[in-house]
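# Structural characterization, general
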Number of protein chains: 4
Amino acid sequence: MIKAGIIGSTGYAGAEIVRLLLQHPEAEIVWYGSRSYTDQNYADVYRNMFRLVDEKCMNDNMEALAEQADVIFTATPQGLCASLVSEAILSKAKIIDLSADFRLKRVDVYEKWYKLEHKAVQYLEEAVYGLCEINRDAIAAARIVANPGCYTTTSILTLYPLVKEKLIDPDSIIVDAKSGTSGAGRSAKLPNLFCEVNESIKPYGVATHRHTPEIEEQLSYAAGMDYRNGESVLINFTPHLVPMNRGILATCYANLKDGVSEEEIRNAYEKYYSDEYFIRLLEKGNFPETRWVEGSNFVDIGFTVDERTGRVITVGALDNLVKGAAGQAVQNMNLMFGLPENTGLKLVPLFP
Amino acid sequence: MIKAGIIGSTGYAGAEIVRLLLQHPEAEIVWYGSRSYTDQNYADVYRNMFRLVDEKCMNDNMEALAEQADVIFTATPQGLCASLVSEAILSKAKIIDLSADFRLKRVDVYEKWYKLEHKAVQYLEEAVYGLCEINRDAIAAARIVANPGCYTTTSILTLYPLVKEKLIDPDSIIVDAKSGTSGAGRSAKLPNLFCEVNESIKPYGVATHRHTPEIEEQLSYAAGMDYRNGESVLINFTPHLVPMNRGILATCYANLKDGVSEEEIRNAYEKYYSDEYFIRLLEKGNFPETRWVEGSNFVDIGFTVDERTGRVITVGALDNLVKGAAGQAVQNMNLMFGLPENTGLKLVPLFP
Amino acid sequence: MIKAGIIGSTGYAGAEIVRLLLQHPEAEIVWYGSRSYTDQNYADVYRNMFRLVDEKCMNDNMEALAEQADVIFTATPQGLCASLVSEAILSKAKIIDLSADFRLKRVDVYEKWYKLEHKAVQYLEEAVYGLCEINRDAIAAARIVANPGCYTTTSILTLYPLVKEKLIDPDSIIVDAKSGTSGAGRSAKLPNLFCEVNESIKPYGVATHRHTPEIEEQLSYAAGMDYRNGESVLINFTPHLVPMNRGILATCYANLKDGVSEEEIRNAYEKYYSDEYFIRLLEKGNFPETRWVEGSNFVDIGFTVDERTGRVITVGALDNLVKGAAGQAVQNMNLMFGLPENTGLKLVPLFP
Amino acid sequence: MIKAGIIGSTGYAGAEIVRLLLQHPEAEIVWYGSRSYTDQNYADVYRNMFRLVDEKCMNDNMEALAEQADVIFTATPQGLCASLVSEAILSKAKIIDLSADFRLKRVDVYEKWYKLEHKAVQYLEEAVYGLCEINRDAIAAARIVANPGCYTTTSILTLYPLVKEKLIDPDSIIVDAKSGTSGAGRSAKLPNLFCEVNESIKPYGVATHRHTPEIEEQLSYAAGMDYRNGESVLINFTPHLVPMNRGILATCYANLKDGVSEEEIRNAYEKYYSDEYFIRLLEKGNFPETRWVEGSNFVDIGFTVDERTGRVITVGALDNLVKGAAGQAVQNMNLMFGLPENTGLKLVPLFP
């Protein structure tokens, strides 16, 4: 049994880790960390857990936690994990960080987009970007995994084979993304009130959203660029808030390289994803809808080639709390502990 | 492995049986019946099942199905199961009927409320009302189980101990119920369009809804009445349509018998439910909310005594597609095949 | 032109007063009060008002406001209006208070249910309960009008003729009410977040909601009781939160007095409401749905008699922000200033 | 008083024309046409109109209607208006057609995208594209106005000044649009059921949606191209379905011509729109959200320049049933009858 601790277990992503681990055959939760609810019953914070979780919320003491746990999930705001991680902790427990602290390899990029000083630069090189389908081997050997963001998982997985196989012009990429509201977290902010979100759609972070450099970095690697020395794909990424609880849909546009056919696009996807349990490449004419992945760890991808404009329109969808956060974190845990990657994650999407 | 066939597998309740059985360790689906989609790929009808279900939809041939299956779920409109059931079928397979055909013991009541002639009166006596927490032993021995309705499961389980223990006046019972829209089924009707349901709440079937006699019959048994000879509890039951996918909440009112205290009410609930896995009696001051049971087989119950008016207000909530339909059907299957009752049903509620 | 000031113009009810007065031919807004947003552009708080409102938010200085305004709307938390009102103010401007401060005639009842000391007991007798259809004449002559609550408007108007005409047993009344989320106000509280409200229905304030005594008081008057000396109708009132922006539906149950027929019920409604512009008594077989009144000042009422149980089930619906708050406030203003009651309020419900 | 008839008055767009004309000071409705509901009470189809509309639904007899009306709105499927229009009708009444029949000047384009033979080619040249802000003078003189589509109104108005002023490369335009569900109409189709739409977002008509050539044609005119002889802007247009009733948001991307600054973009918008009542150019840093225009005839536009990628991202939002259909139709009527353009249309957006 893997002993797991969760820092930030009362946010939506943390609570989803709880849901998944409760149904995981090889893991148990030993620490329900929550700075806001320390000493309160976890099931009083999330009443769906009544009778299923008897524990009280614990504090943020990661050193104490490392004594008890094999793996620590940090589902906390940016900066927290970097400020707490230490060799003492890493000598005892692996860390899967759901914040952005270890996702970007370039400190200058992190500090520019996040307006934070990075407190653990020494672990940046060691940390592995936890996109299982792409970095599987490195993840298996890692002590620190930087769990990707929800928008970024969708965007990168949707575009990766096309960039890798040089079928599209990477500088023509536009990602127009739409997210359910759980991505905004569980803090009590006016813009997230029911009446503010319901019956509306809005863009936000236009040209400035922090997931932009994360997508660019990973696609730059795929494109074979020397990212650390300043080469980079540059994209437009526009997130939108949708009145639904869960789900991300990324509609991606790119100019095809001359003569690239729909078949070549399909071949590229199949080359990289045909053996992937969690990536479902849809048949011609079908496009993802977030309802078909809700509650599951699947990423659905569908595309078409528009010969009139010479572009590919490729669309990816996933559940932002599962494959976009907690599910991917558990998938990373499985890899890090040598379990089959889909252990505890063969979740059938819930519909309606 | 229990071999299961589903007639009506492309309705919402049928599809939920599919979801549950795919995750059930002791059952497999051998027949995806669907009159509307015969010969089409099941996963083209429910794209959440892409890669998870490869089968095509089959017809309604229950006799052929009985050759292959140990258990048949009929998730079909009223009248179909009664018109098809036969000794030949029952000699080979057990039937769990999700329609109302075998729920009401009195043919006159059935024919009055459903405006249908009953085609299988000979099985009425044999059929067992499949409310597991109340009829567990009879279900285990049954060939035909009448799976209760969604509103009725909520209402009966919420009121049963109070009626059984004679703590309330049964003729004072009022059930004001609210349901998500999946209860209306997947047929293309104007009143179920998104724009008709969204941003509104409405009552329907006021004083005429067909679940009324089903609740009355079961509560009459609990009250010790001679129901088959005309004695009956009479209640008011008012369902409402709520703009959400899943969930039923039943707010029940009843006059307390003289001197009955809150503690006696709680004791009654504990007497009947303290060992029930799927019934969660909430602590004082807490009331059910449908979000806390979504996707699970739980029934949450909370209550208060209003000393000003001498009434108890007791509230039950469940997921209409799980404990209100498919989950209860699988629970019945487990009982009928000697499995632990919660096999495949330890679903953690999905939130948000 | 009536000059109107609004204290609390940035809450949902206050903003709805703004929307209505902007379209009112005989009124203009001279003061957009908002403690939280003082000195900010009103249209930066409510961007629907961009280009329509150029003013900045003002503070709570009701004395300064009284110098400029003919009428002051206080759309503020309980206690504020009572703490500010004075003879100096009332000598210059009329007050329409949307809080509960002047709704209850009995100070002990107010202080018990609201847990507040009443700061302006001297005006309690003078203040008129602003339910236009019932207190029209007194409102026309009033200096202070206590604008009724949203739940109470629905409940009282739905039940009033039946109590007044003694067709039902007032102590058998049960009001099961359902409200959209705008009723919870615009403050940033966790329970009102989109993901907490969406896809769920919940009861709250069970047997303890503050609108209970307000309904009881008004129904007691209708019943001819000596309310101020302790006589009172006692009811059960249970509000529920529904995942929609606007709308209240009250499903009311009561035991019919012996022999009362459906026709007598209808006659009673027609006696009191047939000339009312804003009350629409539905035809037999039709029940209210909140979507049919959204954005308008209408109250829809429909009912049925259940001969099996001897009860009437009568249902009322309105838009909580219009007839349940701002629309009724403007209707009161019209009465107080001698305008036709529906001036500026002939709003066609918006659907879908 | 303008006498108006509506063919197709029981669709969502037709019903919105009813709502707007009921509140219009210079128009009255003389014909509530509805093939599906002929002879039924209009208010039984739309119960929000109870007491407001007493008329019964009429048939599609446009010749009889022309005898009674000054203007005919056809809110019907493609092909109907073209099959009925005649000189006899046009000699008596003006026509505002909300279908696509007269929107596209090239018959070959119409027949290719709509798979319909055009039945009234002789009126194509005469018909005026009814985008008031662009074709104001021609509309005022027209007998037939082709009321633009909802997606197209949003897209064209958002992009027009930038194309007209040659600030962007028209062949780089990508329009990623999101629509509420009322745009799908009121017909009883499975994909429009509440449970199918709710809690999901999906793209549809990817690279094939019929509004594409309409946007291309109008932008080609703006670009000064010889569209009728085969020159054309080519764009990518991807609509998405959002779980909300009303609203369209179009997120548009285009490559800036060399050296174009944010200021030049703003100047272009101001040049064309600063005097437009219904177009609200948002201040720097603000982007449209559909909630801020709901129920009104406003188009909100906001933009930013991304210097990293050399693109402008410009976003437009409107209410698809108002400015995207019925409101624009009434605006056209006002122009055609010499009324101030915003007569009856000074609707304050409804929020929340």
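All of the points below concern the structure found in this document.

Rules of the game
Residues numbered from 1 in each chain as written. Chains lettered and ligands numbered in written order. Predicted model: local features only at pLDDT ≥ 70, side-chain atom pairs only at ≥ 80, totals over all residues. Heavy atoms only, no water. Phe/Tyr/Trp six-rings, centres within 6.5 Å; stacked < 30°, edge-to-face > 60°. Helix = DSSP H or I, 4+ residues; strand = E, 2+ residues; numbered from the N terminus. Buried < 20%, exposed > 50% of the residue type's maximum accessible area, 1.4 Å probe, protein only. Lys NZ or Arg CZ within 6 Å of the ring centre and 35° of its normal. Pairing = 2+ DSSP bridges. Axes fitted to C-alpha atoms, helices over the stretch in contact; angles between N-to-C directions. Parallel < 35°, antiparallel > 145°, perpendicular 65-115°, else oblique. Left-handed = near helix turned anticlockwise from the far one by under 90°. Contact = heavy atoms within 4.5 Å. Nonpolar A, V, L, I, M, F, W, Y, C, P; charged D, E, K, R; others polar. Salt bridge = Lys/Arg side-chain N within 4 Å of Asp/Glu carboxyl O. Buried area = accessible area lost by both parts, 1.4 Å probe. Polar contact = N/O pair within 3.5 Å; in protein donor to acceptor, adjacent residues only side chain to side chain.

## Comments concerning the packing of aromatic side chains
- Applying the stated criterion to the full structure yields 58 aromatic pairs over all chains.
- A centroid spacing of 5.5 Å and a plane angle of 85° characterise the contact between Tyr 160 of chain A and Tyr 272 of chain A, whose relative ring orientation is edge-to-face. With Tyr 160 of chain A in helix H8 (residues 150–164) and Tyr 272 of chain A in helix H11 (residues 262–273), this residue pair connects regions lying 112 residues apart in the sequence.
- When the centroid spacing of 6.2 Å and the interplanar angle of 70° are considered together, the rings of Phe 351 of chain A and Tyr 12 of chain B count as edge-to-face. Here Phe 351 of chain A is found in the segment after helix H12 (322–336), whereas its partner Tyr 12 of chain B is found in helix H1 (residues 12–22) on a different chain.
- Overall, Phe 351 of chain A belongs to the buried group, its relative accessible area being 4%.
- Residue classification places Tyr 12 of chain B among the buried residues on the basis of a relative accessible area of 3%.
- Put simply, the rings of Tyr 12, Tyr 32, Tyr 42 and Tyr 46 of chain A together with Trp 292 and Phe 351 of chain B touch in pairs and so form one group of aromatic residues.
- A cation sits over an aromatic face here: Arg 106 of chain A above Tyr 227 of chain A, 5.6 Å from the ring centre.

## Remarks on the sheet that holds strand E1 (residues 2–7) of chain A
Residues and elements named next belong to chain A.
- Across the sheet, which stays open at both edges, the 6 strands sit in the order E2-E1-E3-E4-E6-E5 with parallel pairing between neighbours. Edge positions in the open sheet fall to strand E2 (27–32) and strand E5 (128–129), since each of these has one partner strand only.
- Pairing between strand E3 (residues 71–74) and strand E4 (residues 94–97): 4 bridges, direction parallel. Opposite Thr 74, over in E4, you have Asp 97 as the bridge partner.

## With respect to the packing of H1 of chain B against helix H12 (residues 322–336) of chain B
All names here are of chain B.
- Put simply, H1 and H12 touch, their axes get as near as 9 Å, and they point 50° apart. With respect to H12, the element H1 is oriented oblique. For H1 against H12, the interelement crossing comes out right-handed. Of the residues in H12, those touching H1 at Ala 13, Glu 16, Ile 17, Arg 19, Leu 20 and Leu 21 are Val 322, Ala 325, Ala 326, Gly 327, Val 330 and Met 333.
- A breakdown of the residues in the contact of H1 with H12 according to their chemical character gives 9 nonpolar, 1 polar and 2 charged.

## Section: the pattern of salt bridges
All names here are of chain D.
- The tally for this structure, following the rule as stated, stands at 92 salt bridges over all chains.
- Note that Arg 136 and Glu 341 form a salt bridge whose closest N and O atoms lie 2.7 Å from each other. Of the two residues, Arg 136 is situated in helix H7 (residues 132–140) and Glu 341 in the segment after helix H12 (322–336); the sequence distance between them amounts to 205 residues.
- Taking relative accessible area as the criterion, Arg 136 reaches 25% and is therefore assigned partly exposed.

## Quick notes on the interface of chain B and chain D
- On the side of chain D, 20 residues touch chain B, which itself brings 20 residues to the contact.
- Summed over both sides, the interface of chain B with chain D buries roughly 1700 Å², with 61% coming from carbon and sulfur.
- Looking only at chain B, the three residues that lose the most surface to chain D are Leu 193, Phe 194 and Cys 195 of chain B, adding up to 37% of its buried area.
- The tally of links from chain B across to chain D stands at 2 salt bridges.
- Measuring nitrogen to oxygen at the nearest pair gives 2.8 Å for the salt bridge that ties Glu 196 of chain D to Arg 186 of chain B.
- Scanning the region where chain B abuts chain D turns up 8 residue pairs in polar contact (both at pLDDT 80 or more).
- A total of 4 residues in the side of chain B that touches chain D trace back to one element, the largest contributor, which is helix H9 (residues 194–197) of chain B.
- When the residues that make up the side of chain B that touches chain D are grouped by side-chain class, the tally is 10 nonpolar, 6 polar and 4 charged.

## Brief notes about the sheet that holds strand E2 (residues 27–32) of chain B
Residue and element names in this part refer to chain B.
- Strand order in the open sheet made by the 6 strands is E2-E1-E3-E4-E6-E5, with parallel pairing throughout. Both edges of this open sheet fall to E2 and strand E5 (128–129), since each of them pairs with a single strand only.
- Pairing of strand E1 (residues 2–7) with strand E3 (residues 71–74), which is carried by 4 bridges, proceeds in the parallel orientation. Bridging across to E3, Gly 5 finds its partner in Ile 72.
- The sheet strands contacting H12 are E1, E2, E3, strand E4 (94–97) and strand E6 (144–146), and the helix crosses E4 at an angle near 155°.

## Concerning the interface of chain A and chain D
- Counting residues at the interface gives 47 residues for chain A, matched by 47 residues for chain D.
- In total, chain A and chain D occlude about 4000 Å² of area from one another, counting both sides; carbon and sulfur atoms represent 54% of this.
- When the area that chain A buries against chain D is broken down by residue, the three leading residues are Glu 199, Ile 201 and Arg 308 of chain A, summing to 18%.
- Along the contact surface separating chain A from chain D lie 6 salt bridges.
- A salt bridge links Glu 196 of chain A to Arg 291 of chain D; the nearest nitrogen and oxygen atoms lie 2.5 Å apart.

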